[in-house]
Amino acid sequence: MQQRQLGRSGLTVSALGLGCMGLSYGYGPATDTADAIKLIRAGVERGITFFDTAEAYGPFINESVVGEALEPMRDQVVIATKFGFRDGDTTKGLDSRPKRIRQVAEEALKRLRTDRIDLFYQHRVDPAVPIEDVAGTVKELIREGKVKHFGMSEAGVESIRRAHAVQPVTALQSEYSLWWREPEKEILPVLEELGIGFVPFSPLGKGFLTGAIDAETSFGEKDFRNTVPRFAPEARQANRALVDVLAGIAARKQVTPAQLALAWLLAQKPWIVPIPGTTKLHRLEENAGAAAVVLSPDDLIEIEAAVSSIKLQGERYSADRQKLVGN
Ligand SMILES: NC(=O)c1ccc[n+]([C@@H]2O[C@H](COP(=O)([O-])OP(=O)(O)OC[C@H]3O[C@@H](n4cnc5c(N)ncnc54)[C@H](OP(=O)(O)O)[C@@H]3O)[C@@H](O)[C@H]2O)c1
């Protein structure tokens, strides 16, 4: 798989990473540990060198699984994890106090079975802690060799600029896909100006853009999508129009809708590295194949015209989750 640089940081990773969250959290029961390890290692065999986890995924378990899977090939891969929720629990609110950041770093190093975190993201900006203090704490961890690069997630432009002035930010990880293009307005221009890489999460629209989900799909009891207005059955019904046009274009290109969605992201900027998540080997292979799909300028114009003709229904987050983004 080709490599990409995350902005001007010098951090080189495979053009597509692997989002590991769904192996333990968000979409239902955790995958059996042995199977999850097999999947992550299959990713390495197929050229993926960039793995995404967080303290909050599980919480804790996902880092342990990622750490165990990657221990034998630690020097070939880049591991990204995140701090920022009280006790690592997304339902308990934010906590980016310097003391807590240090504690998360120490515990994550143990769970990840490593001596350094390659990329340490603040999971959400904590309005109670000046962003300069957060960036300053990560700067110290970098000086101590425990962290290599600083990242932010779903941060607004002001926080990005202020943090970057204290400790250069290597990557911003925020939602971006063919059905969530908000970052194009303000975020991407600022990242380009500052030389910060962009890591789109939920690049497959949490599975919707692949065509595998329709109005009839029922999600498990613990599936996060039950709380997302955009996944309400009537919204799914309406939003199928987007999947249908993408499927038509994908068929003409002889690729799958998932590959088209990922190739479109890769075509936006050379410093964009999407991190699709899956629990299934055949889908991991399908998604990895997107790195070789080239979209011509005409393809991109066709996709743009098709997508802009469709009005999507439903917010991407429930009201309480929405409050946490863009700060
Ligand atoms: N920073 C943040 O706040 C944040 C938030 C969300 C996610 N993330 C990160 O981003 C990663 C990816 O995001 P995501 O998991 O939310 O969404 P995603 O990658 O857009 O979609 C994942 C979903 O799509 C399904 N899927 C994957 N490939 C498929 C294919 N080829 N065909 C059909 N279905 C497919 C998966 O199901 P199966 O498992 O059944 O294949 C899963 O339900 C996460 O793993 C996590 O590391 C970060």
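Our structure's up above, just so we're on the same page.
The residue numbering used here restarts from 1 in each chain and proceeds along that chain's sequence as written. The predicted nature of this model means local features are confined to residues of pLDDT at least 70 and side-chain atom pairs, given and counted, to a pLDDT of 80 or more, with totals for whole chains, interfaces and linings taken over all residues. Excluding hydrogens and water, the side-chain values take into account all heavy atoms of the structure.

Colleague: So what exactly am I meant to see when it comes to helix 10 (residues 297-308) here?
Modeller: Each α-helix winds once per 3.6 residues, and so residues spaced three or four apart point in a common direction. An ideal rise of 1.5 Å per residue puts 16 Å on 12 residues; helix 10 measures up with 16 Å between its terminal C-alpha atoms. Those residues of helix 10 that are buried are in contact with helix 7 (233-253) and helix 8 (257-268). Strands are runs of DSSP state E lasting at least 2 residues, helices are runs of H or I lasting at least 4, and numbering of each runs from the N terminus. Working rule for helices: expected span equals 1.5 Å times residues minus one. Note on contacts: a residue pair qualifies if any of its non-hydrogen atoms lie within 4.5 Å across the two residues.

Colleague: How should I be thinking about unusual backbone geometry in this particular structure?
Modeller: Most of the time, phi is negative for any residue but glycine, and the peptide bond is trans. Of note, the bond from G58 into P59 is cis; its omega dihedral lies within 30 degrees of zero at 0°. The residue P59 is located in the loop between strand 4 (50-52) and helix 2 (61-70) in this model. The backbone of D87 sits at a positive phi, close to 55°, despite the residue not being glycine. Along the chain, the position of D87 falls in the loop between strand 5 (78-83) and helix 3 (98-111).

Colleague: Sorry, what's going on with the environment of R41 here?
Modeller: Take R41: it is sitting in helix 1 (residues 33-45). Each residue's exposure class comes from its accessible area (1.4 Å probe, protein chains only) as a fraction of the maximum for that residue type: buried when under 20%, exposed when over 50%, partly exposed otherwise. By relative accessible area, R41 is classed as partly exposed at 28%. Sequence spacing of R41 and V66 is 25 residues, and the spatial spacing of their C-alpha atoms is 9.5 Å.

Colleague: How should I be thinking about the site of the ligand in this particular structure?
Modeller: Lining the immediate surroundings of the ligand are 31 residues, of which Y27, D52, T278, T279 and K280 lie closest. Whenever a nitrogen or oxygen atom comes within 3.5 Å of another N or O atom, the pair is scored as a polar contact, on the condition that within protein one atom can donate a hydrogen and the other can accept it, and that pairs from neighbouring residues in sequence are kept only if both atoms are in side chains. Side-chain polar atom of H123 to an oxygen atom of the ligand: 3.4 Å apart, as the coordinates give it. Within the side chain of S153, an N or O atom sits 2.9 Å from a nitrogen atom of the ligand. Here, Shrake-Rupley sampling with a 1.4 Å probe gives the accessible areas, and only protein chains in the shown set may cover a residue. Protein coverage of the free-state accessible area of the ligand, which is 900 Å², stands at 92%. Looking at which element gives the most residues to the shell around the ligand, the answer is helix 9 (residues 281-288), with three residues. In the scheme used here, Gly and all other residues not listed as nonpolar or charged are polar, with Ala, Val, Leu, Ile, Met, Phe, Trp, Tyr, Cys and Pro taken as nonpolar and Asp, Glu, Lys and Arg as charged. Its residues assigned to classes, the shell around the ligand shows 11 nonpolar, 12 polar and eight charged. One heavy atom within 4 Å of a molecule or strand is enough for the residue carrying it to be called near that molecule or strand.

Colleague: Can you walk me through the pairing of strand 8 (residues 169-175) in this structure?
Modeller: Consecutive side chains along a regular strand alternate between the two faces of the sheet. Buried residues dominate strand 8, accounting for seven of its seven residues. For two strands to be treated as a pair, DSSP must find at least two bridges joining them. Pairing between strand 7 (residues 147-153) and strand 8: four bridges, direction parallel. Its bridge partner being in strand 8, S153 is matched across the sheet by Q173. The handedness of a crossover follows from its direction of travel: if, with the strands pointing away from the viewer, the path from the first strand over the helix to the second runs clockwise, the crossover is right-handed. Read from strand 7 through helix 5 (residues 157-166) to strand 8, the crossover connection turns out right-handed. In this fold, strand 8 hands off to helix 6 (residues 187-194), which returns the chain to strand 9 (residues 197-201); that crossover is right-handed.

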